[in-house]
Amino acid sequence: MTEIIMSQTPPILHGPSEKERKYDRQLRLWAASGQAALESANILLVNSGAGTVGAETLKNLVLPGIGRFAIYDETRVSEADLGVNFFLDDSCLGQSRSQSLTKLIVELNPDVQGTGYPNEDAKTLESLLAGSPVFTAIMYTHPIRPDQLSQLEAYGQQHRTPLVAIHSAGFYSSFQINLPGAFPIVDTHPDETATTDLRLLTPWPELVAFAEELTKNIDSLDNFEHGHLPYVVILLHYLQQWKAAHDGKYPATYKEKTELRKVVQSAARTNNPEGGEENFDEAAAAVLKTLVPPSLPSGLKEVFEHEQTDPVSLHRSGFWLIADAVKQFYERHQCLPLPGKLPDMKAQSKVYIQLQGIYKAKARRDAAEILQIVQTAPGGEHVDPAEVDLFCKNAAFVKLINASGGAGSSDARISRADRLKSAAALEFANDETAALTLAPLSLLPIYLALQATAHVGTTSTSTSNDSSSSSSSSSSADEILATIAEQVPGAEKHERVVQAAHEVARAAGGELHNVAALTGGMVAQEMIKIVTKQYIPVDNTCVYDGIGGRCQVLRL
Amino acid sequence: MASAEVYPASEPARWTYLDRVRTRPGPFTNPDIFSGEAVAAAMEAMKILVIGAGGLGCELLKNLALSGFKDIHVIDMDTIDISNLNRQFLFREADVGKSKAEVAARFVEKRVKGVKITPHNCKIQDFDEDFYMQFQLVICGLDSIEARRWINATLINMVDEDVEDSYKPLIDGGTEGFKGQARVIFPTVTSCIECQLDMHAPRAAVPLCTLASIPRQPEHCVEWAHIIAWDQEKPFPQLDKDDPEHITWLFQKALLRANEFNIPGVTYSLTQGVVKNIIPAIAATNSVIAAACCNEALKIASNCAPFLGLPDDNYMMYSGNDSIYTYTFRHDKKDDCPVCGQLARDLPGVDRAWTLRDLVDSFAALPEAQLKKPSVRAEGKTLYMQSPASLEAQTRPNLDKTLVELGLEDGQEIGVTDPAFATVIFKFRLKFKQ
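Residues numbered from 1 in each chain as written. Chains lettered and ligands numbered in written order. Predicted model: local features only at pLDDT ≥ 70, side-chain atom pairs only at ≥ 80, totals over all residues.

Going by an unreviewed UniProt entry, chain B carries the name NEDD8-activating enzyme E1 catalytic subunit and comes from Chaetomidium leptoderma. Database annotation for chain B, UniProt heading Catalytic activity (unreviewed entry): "ATP + [NEDD8 protein] + [E1 NEDD8-activating enzyme]-L-cysteine = AMP + diphosphate + [E1 NEDD8-activating enzyme]-S-[NEDD8 protein]-yl-L-cysteine." The record held by UniProt for chain B lists under Sequence similarities (unreviewed entry) the comment "Belongs to the ubiquitin-activating E1 family. UBA3 subfamily." (UniProt positions renumbered as here; feature names shortened; annotations may be inferred.)

Under an unreviewed UniProt entry, chain A has the name NEDD8-activating enzyme E1 regulatory subunit and belongs to Chaetomidium leptoderma. If you open the UniProt record of chain A and go to Function (unreviewed entry), you find "Regulatory subunit of the dimeric UBA3-ULA1 E1 enzyme."

Spelled out as structure tokens, the structure:
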């Protein structure tokens, strides 16, 4: 034993590497796997308009260490840029904005490569897109030239590249994520408290035997042992008793469960110095939370059903093969693979570790069964067993984003216009009753007003545009409302839409630094989620109101 | 409305975007308190205090400089560590070991022409009310609840009903991982940090007996090494949580203990995380929260749009874990707030069989109190004093007496002080368990 311990003891000062120290605070969020994904990412920013929100987003991606970035920005640095953009200074005046931004952003992190375009290698957006290695994701800021937007959309479809549109003006902003198809996430990082899965109503033989062994003489246990029975064991014991007294049925209703809780509470010993038993308190508290029959969570159900409606998937990645296997497992056993995690509970060390081992062993068996199903499927032999393990651990929290997107994208534009109209109808109807339901008012009016200026001031094809658009290249409130009337007829009559139009007109295409920085923070979070495939991205549009100080997510 | 005149700042071309919004009324601007003509000059004359030059602080300084403020002070006693570089974007590898406040101030001054930033490389407690009185607005980017409570109590204490300039709005940001919050406090008028204290309950401590005899989790092994083994063996004169050699010692001790009990999962990173109580932090979230704070500062300073704090919403919660979710609401002022309220706060769950020591020890973990070195008085009588030493010795015997023996009853009002909040007497009402 001593030998084993000695050999496991690392040498003195075996600490983290320099890089682990630098990235310590973020590795605790997305681990080495997430970091590796970030470091192999290649991000393009097409920067138009006032140009700060793109720079702020990039800052938040360069600091955590994305692999490389490119900025495409045709404008030259103006005096107005210096009052809003932190990554430009006096020495940049008159220079290419993309080159200047690249220089001051890349110095944030020596691990990151960045290039500003247009340059000698690529003089146009078209040649940049044609001549570069495939981008992991593309972000562009409004107002953008329509021809450039078309090029980006075509590229996104061809290479299945996520596109993120960003628009910040005055106190308002919005961004929209366009994913190339259904986007599954396994590592969703649910709240720790939500992940407890003890299977007390469907215990397996090893668990039953373990609990029976510990509780067969429960009344003659000494106070220490009685007071250190794990609550899982306590509940299994009283559930067995309950079943014996109730025709082999478990407590199902709320009333029955509270009855069981009373039984557990009254079984605690009070004639001890503490006047009660913590482990029995834990057991009583767990009755309502943990005695739930297994069910299929909505996120996973969507994954299972998605497969059915879309059988000829071109992208049968490991994920879909595993999802298929988990579905078969679920049909076979009427439950999901066991995650295998045991929460902390009052218990003796040895007993707890044994119980933990029983849960882990069952989780390994379930994962092995799923791996076996995967490997019998065509293409399944290439699936990484680690990916199967991860899926099994998170099965209840797997999530599908953009589930209805991707397929039949040829008419995406038409359906998007229709989607906006129906979303508007719903949002305006909700606002009618908001006073009663105490729901916050819709932020869709802000989206509509911003969207109406998505290309304003970009019709000139000059490549040396001064970035401080003069007032003639911005829209009046009436012009904004007229554009909204074309997109969603009738919306222009709503008072809140009129107000939003005036607020957007007030900014006249200008950014406020705070709103750009806030939006850049949100978009960077989303980019990190998409690149690392961890946490859950916005599906698909987020609108920010810097006057009320809040956001709304809409599917548009 | 949008055709109203723009009143440019001293450098019109540079501040053109900002001036369009801050000097012209919008549809939500309150015309009674807005004067576009006066905004630029008023903001340039304002003195703003930033507390903290870390993850939020770097962002706050950048944002304020680009919001048209010209005279900014920043307080931070910390030096730059390599683990700051993933988000504290004003610092470079060559700056490691230097003062955060000084490096941050110099960087922003250099980048944004015309802004003056005065660094203070010290603790907030080193300054008195005269110092804080010179500012019109205070913005906090702190990671410690204690420092927030101190500045909150100080600003509330400074309020003089007859002096308009004695009301200093306090804007506070905080982050953890993909989540954060921004809140605005108008001292004595709106809910304060102490009113909201129970929203930031301390993490439940692991019972000592678990650490000492029945560990089950890797964290228990680390805490054992930290609290018990270190004290027994004293491998170095003083534990320095930033010294890798010290952390390595704790890590190895924890690992040995984990092996003894067959507990998996002790790593260097876990050891460091538990010992230093590390909160994950990224640039993106700091960017969101600091900008939300500065956006409120700009609105408060210019009146160009309604701001959080008055009369309705004063608190924005942000979460980016699952999609993006914000909850912006009004947290109501509490009449029994020990700092800004008039009434004593109920202290539930007190056992009549407790000794005074039990009561004193309970203050640290109570969400409503969170006091680590409390001194207790009741009905003008001192029951226990932490300092000076002579008074401590004199009152120490009371610690072993029960509450009943000391004449304390159900519903009794007690006064509690703590050296961390020198100006505050926390008033509590004992509520005995039935």
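Re the pairing of strand E6 (residues 179–185) of chain B
Residues and elements named next belong to chain B. Where burial is concerned, most of E6 is hidden: six out of the seven residues are buried. Direction of pairing for strand E5 (residues 170–176) relative to E6: antiparallel, over a ladder of seven bridges. Across the sheet, the residue bridging to aspartate 172 is arginine 183, located in E6. The antiparallel pairing of E5 with E6 creates a hairpin that spans two residues between the two strands, and glycine 177 there sits at a positive phi of about 60°. As defined by bridge partners, E6 adjoins strand E7 (residues 315–319) across five bridges and the pair is classed as antiparallel. By the bridge assignment for E7, alanine 182 is matched with methionine 316. (Buried ≥ 20, exposed ≤ 12 C-beta atoms within 10 Å, placed from the backbone. Helix = DSSP H or I, 4+ residues; strand = E, 2+ residues; numbered from the N terminus. Pairing = 2+ DSSP bridges.)

Some words on the environment of proline 190 of chain A
Residues and elements named next belong to chain A. With respect to the helices, strands and loops of the structure, proline 190 is situated in the loop between strand E7 (183–185) and helix H9 (205–215). C-beta crowding within 10 Å serves as the criterion here: with 17 such atoms nearby, proline 190 is assigned to the partly exposed category. As for proline 190 and asparagine 272, which are separated by 82 residues in sequence, their C-alpha atoms are 39 Å apart. The contact partners of proline 190, leaving out residues within four places of it in the chain, are Thr195 and Phe397. (Contact = placed C-beta atoms within 7 Å.)

What to know about the packing of helix H8 (residues 218–233) of chain B against helix H10 (residues 268–276) of chain B
Residues and elements named next belong to chain B. Relative to each other, H8 and H10 sit at 60°, their axes nearing to 9 Å. As for how H8 packs across H10, the hand of that crossing is right-handed. Residue-level contacts link Pro218, Glu219, Val222, Glu223 and His226 of H8 to Leu270, Thr271, Val274 and Val275 of H10. When grouped by side-chain class, the residues that make up the contact of H8 with H10 number five nonpolar, two polar and two charged. (Axes fitted to C-alpha atoms, helices over the stretch in contact; angles between N-to-C directions. Left-handed = near helix turned anticlockwise from the far one by under 90°. Nonpolar A, V, L, I, M, F, W, Y, C, P; charged D, E, K, R; others polar.)

A short note on the confidence of the model for chain A
In this model, chain A carries a mean pLDDT of 91, and residues with pLDDT of at least 70 account for 91%. Across residues 461–472 of chain A, confidence stays below pLDDT 50; counting only partners more than four residues off in sequence or on other chains, it has 21 contacts. (pLDDT = per-residue confidence, 0-100.)

Details of the nonpolar core
Within the largest apolar cluster, 232 residues are counted, with the highest numbers of intra-cluster contacts made by Ile322 and Ala449 of chain A together with Leu61 of chain B. Per-element tally for this core: the top contributor is helix H11 (residues 283–302) of chain B, with 12 residues. Setting aside residues up to four positions removed in sequence, alanine 449 of chain A forms contacts with Ile480, Ile484, Val497, Ala500, Ala501 and Val504 of chain A. Counting 28 residues, the second-largest nonpolar core is a separate cluster that includes Leu214, Tyr231, Tyr238 and Ala286 of chain A. (Core = buried A, V, L, I, M, F, W, Y, C linked by C-beta atoms within 7 Å.)

Quick word on the UniProt feature "domain: E2 binding" (unreviewed entry) in chain B
Following the UniProt record, one finds the feature "domain: E2 binding" (unreviewed entry) at residues 350–433 of chain B. As annotated, residues 350–433 of chain B has a helix share of 17% and a strand share of 25%, and its two end C-alpha atoms lie 6 Å apart.

Points about the environment of histidine 142 of chain A
Residue and element names in this part refer to chain A. Tracing the backbone through its elements, the reader meets histidine 142 in the loop between strand E4 (137–141) and helix H8 (146–159). For the pair histidine 142 and glycine 509, spaced 367 residues apart in sequence, the C-alpha to C-alpha distance is 9.2 Å. Discounting chain neighbours no more than four positions away, the residues touching histidine 142 are Ser48, Gly49, Ala165, Ile166, His167 and Ala454.

A closer look at the domain arrangement of chain A
Domain annotation for chain A reports domain 1 (18–187 + 517–554), domain 2 (200–290), domain 3 (298–401) and domain 4 (411–508). For domain 2 of chain A versus domain 4 of chain A, the distance between C-alpha centres works out to 60 Å. (Domains from an automatic or database assignment.)

Topic: the interface of chain A and chain B
Chain A puts 75 residues into the contact, and the matching count from chain B is 72 residues. In terms of residues, the side of chain A that touches chain B owes the most to one element, helix H23 (residues 513–532) of chain A, which gives 11 residues. For the side of chain A that touches chain B, the class distribution of residues is 36 nonpolar, 23 polar and 16 charged.

Section: helix H20 (residues 444–451) of chain A
Along H20 of chain A, eight of the eight residues are buried, which leaves the element largely enclosed by surrounding structure. When H20 of chain A is considered as a whole, its buried residues turn out to be Leu444, Pro445, Ile446, Tyr447, Leu448, Ala449, Leu450 and Gln451 of chain A.

Considering the sheet that holds E7 of chain B
Residue and element names in this part refer to chain B. Here we have eight strands laid out as an open sheet, ordered E3-E2-E1-E4-E5-E6-E7-E8, and mixed in their pairing. Across the chains shown, the open sheet's two edge strands, defined by having one partner strand only, are strand E3 (116–120) and strand E8 (325–329). Ignoring strand direction, the axes of neighbouring strands in this sheet form an average angle of 15°. Lying on the sheet, helix H6 (residues 145–157) is in contact with strand E1 (47–51), strand E4 (137–141), E5 and E6; it crosses E4 at an angle near 170°.

Observations concerning the sheet that holds strand E11 (residues 381–384) of chain B
All names here are of chain B. Taking strand neighbours across the sheet as the criterion, the five strands line up as E9-E13-E12-E10-E11 in an open arrangement whose pairing is mixed. The open sheet is flanked by strand E9 (345–350) and E11, the only strands paired with a single partner. Taking each pair of neighbouring strands and ignoring which way they run, the sheet shows an average axis angle of 35°. Relative to E11, strand E10 (residues 375–378) is paired through three bridges, and the arrangement is antiparallel. Within E11, the position partnered with valine 376 by the bridge is tyrosine 384.

Points about helix H21 (residues 477–487) of chain A
Residue and element names in this part refer to chain A. Looking only at H21, the buried set comprises Ala477, Ile480, Leu481, Thr483 and Ile484. All buried residues of H21 lie within an arc of 160° about the axis, which places them on one face of the element. Those residues of H21 that are buried lie in contact with H20 and helix H22 (495–507). (Arc of directions from axis to C-beta.)

Here's the deal with the pairing of E7 of chain B
All names here are of chain B. As paired elements, E7 and E8 share five bridges and run antiparallel to each other. If you follow methionine 317 over to E8, its bridge partner there is tyrosine 327. Counting the residues between successive antiparallel strands, the hairpin from E7 to E8 contains five residues, one of them, serine 323, with a positive phi of roughly 55°.

Section: the environment of glutamate 302 of chain A
All names here are of chain A. Structurally, glutamate 302 can be placed in helix H14 (residues 298–309). It is 7.0 Å that separates the C-alpha atoms of glutamate 302 and leucine 400, two residues lying 98 residues apart in sequence. Those residues in contact with glutamate 302, other than ones at most four positions away along the chain, are Leu400 and Ala403.

Thoughts on the domain arrangement of chain B
Split by domain assignment, chain B resolves into domain 1 (16–200 + 281–329), domain 2 (208–276) and domain 3 (345–432). Its C-alpha centre places domain 1 of chain B at a distance of 37 Å from the equivalent point of domain 2 of chain B.

Description of the confidence of the model for chain B
For chain B, mean pLDDT is 94; residues scoring 70 or higher make up 99% of the total. Both confidence scores are given for the complex: pTM 0.93, ipTM 0.93.

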